[in-house]
Amino acid sequence: MALIVVGSVAVAVLGYRQRDSRAAVVFTRGFALVVLAFGVTTLSYRLLPAQWDVGESLPLHLCDLAWIVAAFALWTHRPQACALLYYWGLTLTPQAMITPALDAPDFPSPDFVEFWGQHLLVIWAAAYLTWGVGVRPNWRGYWFAAVVTIAWGAAMLPFNAWAGTNYGFVSGKPDNPSLLDVMGGWPWYLGVEAVVGLAAWALLTWPWTRTPRRVVHA
């Protein structure tokens, strides 16, 4: 948790100080390459025959997709990618770290390094682009992220049923304690999760989009 806060503040301050400079371009693209290299390396490890598990090896959890989005957003600053990273990286990824669904040995286990390293990089990238670079979300980005996330969840339901997996925990709750435990049984918790999540995202969008009050002088 300390690394989340310290790392986020550090990259945000660095990005703010470098804003609109050549150094910012170099750092941002270097950051993107670090995220990409880490993600590709850990994904390649999971796809090795000795590590293959259809329920874990495919990059279909939102946190797996988040590092791909993070690398693309850092490299391009595309509004849609930055919006996805903002919502996924600052709400879903921290939640995954607070209640980790991780059954692996401690450091230096590759699974341990992958889980924590991947999540930290995504959060740091979201903080860097939002407060450092100054790429802020708007309502168009909100709705884009909402549609993409709901479409992903809808796609995972038939895939999980076909493959016998549980990507995104849309087909069942994780074994570890999580917020889903207070949202009812399946499939009701999916609806509650959607409503709560969209409401939280709306609250995280409003401060960036509200119009300042006009002062009327007598």
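Below you will find a few notes about this structure. (Residues numbered from 1 in each chain as written. Predicted model: local features only at pLDDT ≥ 70, side-chain atom pairs only at ≥ 80, totals over all residues. Heavy atoms only, no water.)

1. With respect to the overall build of the protein chain
Secondary structure summary: the protein chain contains seven helices and zero strands in total. For the protein chain, the C-alpha radius of gyration of 18 Å lies close to 17 Å, the compact-globule estimate for 218 residues. When its C-alpha atoms are laid out on the principal axes, the protein chain stretches across 70 × 40 × 30 Å. Among the 218 residues that make up the protein chain, the fraction classed as buried is 38%. The long-range fraction of contacts in the protein chain, counting pairs at least 24 apart against all pairs at least 6 apart in sequence, stands at 67%. With 12 positive and 11 negative side-chain charges, the protein chain shows a separation of 26 Å between the mean positions of the two kinds. (Helix = DSSP H or I, 4+ residues; strand = E, 2+ residues; numbered from the N terminus. Rg over C-alpha atoms; globule rule 2.2 N^0.38 Å. Buried < 20%, exposed > 50% of the residue type's maximum accessible area, 1.4 Å probe, protein only. Contact = heavy atoms within 4.5 Å. Lys, Arg positive; Asp, Glu negative; His and termini not counted. Charge placed at Lys NZ, Arg CZ, Asp CG, Glu CD.)

2. Focus on unusual backbone geometry
A cis geometry characterises the amide bond from W186 onward to P187, with omega recorded as 0 degrees. Its place among the elements puts P187 in the loop between α6 (139–163) and α7 (188–209). The phi angle at D20 is positive, at roughly 65 degrees, despite the residue not being glycine. Tracing the backbone through its elements, the reader meets D20 in the loop between α1 (2–18) and α2 (22–46).

3. Regarding the nonpolar core
Generally speaking, soluble globular proteins have nonpolar side chains that are buried together. Formed by 35 residues in total, the largest nonpolar core has its most connected members in F31, V35, L74, L85, Y87, W88 and L129. Of all elements in the fold, only α2, α3 (62–76), α4 (79–98), α5 (110–133), α6 and α7 reach the threshold of two or more residues within this core. (Core = buried A, V, L, I, M, F, W, Y, C linked by side-chain atoms within 4.5 Å.)

4. Structural notes on α3
Across its 15 residues, α3 extends 20 Å between first and last C-alpha, which sits within 8% of the 21 Å expected from 1.5 Å per residue. For α3, the full list of buried residues reads L62, C63, D64, A66, W67, V69, A70, A71, A73 and L74. Just downstream of α3, H77 is the residue with a positive phi angle, here 60 degrees. (Expected span 1.5 Å × (residues − 1).)

5. Details of the packing of α1 against α5
Across the interface, α1 lies against α5 with an axial gap of 8 Å and an inter-helix angle of 35 degrees. Crossing hand, α1 versus α5: right-handed. Across from L3, I4, G7, S8, V11, A12, G15 and Y16 in α1, the residues of α5 making contact are L120, I123, W124, A127, Y128, W131 and G132. Split into classes, the residues belonging to the contact of α1 with α5 amount to eleven nonpolar, four polar and no charged. (Axes fitted to C-alpha atoms, helices over the stretch in contact; angles between N-to-C directions. Left-handed = near helix turned anticlockwise from the far one by under 90°. Nonpolar A, V, L, I, M, F, W, Y, C, P; charged D, E, K, R; others polar.)

6. Brief notes about the pattern of salt bridges
Across all of its chains, the model carries two salt bridges by this definition. A salt bridge links D64 to R46; the shortest N-O distance between them is 3.2 Å. One end of the pair, D64, is in helix α3; the other, R46, is in helix α2, and 18 residues separate them in sequence. Among the residues examined, D64 registers a relative accessible area of 5% and is labelled buried. In this structure, E114 engages R46 in a salt bridge whose closest nitrogen and oxygen atoms are separated by 2.6 Å. Placement of the pair is E114 in helix α5 and R46 in helix α2, with a sequence separation of 68 residues. (Salt bridge = Lys/Arg side-chain N within 4 Å of Asp/Glu carboxyl O.)

7. What about the side chain of T28?
If you trace the backbone, T28 turns up in helix α2. Given the relative accessible area of 3%, T28 is considered buried.

8. Focus on the environment of A126
Along the chain, A126 turns up in helix α5. When the C-alpha atoms of A126 and L204 are compared, they prove to be 13 Å apart, with 78 residues separating the residues in sequence. Beyond its immediate stretch of four places on either side in the chain, A126 contacts L85, G89 and L90.

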